[in-house]
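Notes for the structure review
Each chain is listed here by its residues.
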Amino acid sequence: PVIGLHGQAVAWQGLVAIAGVWLRLGHPHLADRAEAAAVRLAHALRSEVRSAARRLGDGALFVPAALDDSAAPFEELTASRDGSYWNLVMPYALASGLFAPGGQTARGIWGYMLGHGSRLLGLVRADAARLYRGEPFPASGIDQVYGVGVARFLADADMPDELVLSLYGTLAGAMTRGTFVSGEAATVLPLRGQRLGSMYLPPNGGTGSAFLETLRVALVHERRDSRGRPIGVDLAIATPRAWLADGKRIQLLRAPTSFGPVSYVIRRRGDVVRVVVEPPPAPSLRLRLRLPSNRRIDRITIAGRQLAFDRVSGTIHLPADVSRTLRLVVRLSR
């Protein structure tokens, strides 16, 4: 028996979600009870994390997955079963929203993961002991069935390049070539005496779902407040830059969000990008144009007036008026 941070964080996330459901269904008393329980649990978990966390010399932060355990940081996560298991489950806590995605705790844990062998080609690593039949470390594999939590955290923390790496890494390293079958885990190096690698329990819907979730959050992502409630929608926040090469189009049709369905089309012809958005009634709506490196946004107009944007990230805050279709014309320069 353990007090698992990942399991408790998911329980907190569920309490927050069901509180919103009860409120919308007209049961404020039940909503209040769920929200009060969520507040107590979050306070207790964050307090335990502060007590259990260890700041390393490189500034990274190690937090045990079992909060009642005095486990030392793992030098190489895939060198042991315990380290591999930590690597599989910690993203559940990061993706839950329990910690602010850009805050010191989440960034510190992510720094520890990057510095101790958590990822390969944007994929979740594990020891893959069953696949390698007892071969010693550094034989290791990937376990992208656990990539769902990682994808959600990367979107929350606004790390688009890492998200794109996971998207294509899943296709290249976690699925069979051309047929896109996946297992729960897969080898990185070929098995001893063989040319090919191996998978564990294919076909596996979890890894396929991880790919779909990575694709979804790249195209449409919901921002949440400190209590886990949705507060806005981001569109095309982490699309691969090549998707907006000359002549390319990105199209999303009636994708569900907490605020209602959203659709958009982004078309590029030369140095002009035209965007049409059918927005949901969200309090905040952002669009990002991730362009090839030889292009940048020069100006944006909507209904004849110029619209402000972030020149570094290409992020545009769209008008809050959701009673009409939004049509943007974007001029590019080199």
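Now for a quick tour of the structure. (Residues numbered from 1 in each chain as written. Predicted model: local features only at pLDDT ≥ 70, side-chain atom pairs only at ≥ 80, totals over all residues. Heavy atoms only, no water.)

1. Looking at the side chain of His-221
Note on placement: His-221 falls in strand β8 (residues 220–224). Using a relative accessible area of 5% as the deciding quantity, one classes His-221 as buried. There is a polar contact of 2.7 Å between the side chain of His-221 and the side chain of Asp-156. If sequence neighbours within four positions are ignored, His-221 has contacts with Ala-155, Asp-156, Gly-232, Val-233, Asp-234 and Ile-237. (Helix = DSSP H or I, 4+ residues; strand = E, 2+ residues; numbered from the N terminus. Buried < 20%, exposed > 50% of the residue type's maximum accessible area, 1.4 Å probe, protein only. Polar contact = N/O pair within 3.5 Å; in protein donor to acceptor, adjacent residues only side chain to side chain. Contact = heavy atoms within 4.5 Å.)

2. Focus: a negative patch on the surface
A contiguous patch of negative charge on the surface is contributed by Glu-48, Asp-68, Asp-69 and Asp-82. Relative to the assigned elements, Asp-68 resides in the loop between β2 (61–62) and α3 (81–96). (Patch = residues over 30% accessible without salt bridge, like charges linked within 9 Å, V, L, I, M, F, W, Y side chains within 5 Å. Areas by Shrake-Rupley, 256 points an atom, 1.4 Å probe, with all protein chains shown as cover. Salt bridge = Lys/Arg side-chain N within 4 Å of Asp/Glu carboxyl O. Lys, Arg positive; Asp, Glu negative; His and termini not counted. Charge placed at Lys NZ, Arg CZ, Asp CG, Glu CD.)

3. Quick look at the pairing of strand β10 (residues 249–255)
Note: β10 against strand β11 (residues 262–269), five bridges, orientation antiparallel. Looking across to β11, one finds that Leu-252 is bridged to Tyr-264. With antiparallel pairing between neighbouring strands as the criterion, β10 and β11 make up a hairpin whose turn holds six residues, including Gly-260 at a positive phi of roughly 120°. (Pairing = 2+ DSSP bridges.)

4. Some words on the sheet that holds strand β9 (residues 230–235)
Across the sheet, which stays open at both edges, the four strands sit in the order β8-β9-β13-β16 with mixed pairing between neighbours. Since the sheet does not close on itself, it has two edges, and those belong to β8 and β16 (315–317), each with one partner. Sheet twist, expressed as the average angle between the axes of neighbouring strands with direction ignored, equals 25°. Note that strand β13 (residues 285–288) and β16 share three bridges and pair antiparallel. (Axes fitted to C-alpha atoms, helices over the stretch in contact; angles between N-to-C directions.)

5. Observations concerning the environment of Gly-247
One can find Gly-247 in the loop between β9 and β10. With residues up to four places along the chain from it excluded, the contact list for Gly-247 reads Arg-268 and Arg-269.

6. Some remarks on the pairing of β11
Consecutive residues of a regular strand have side chains that alternate between opposite faces of the sheet. When you tally the buried positions in β11, you get six out of eight residues, the bulk of the element. Sheet topology places β11 next to strand β12 (residues 272–278); seven bridges connect them, and they run antiparallel. Paired with Arg-269 across the bridge in β12 is Val-272. Hairpin geometry of β11 and β12 is characterised by an intervening segment of two residues between the two adjacent antiparallel strands and by a positive phi of about 60° at Gly-270.

Any functional reading would require information beyond the geometric quantities listed.
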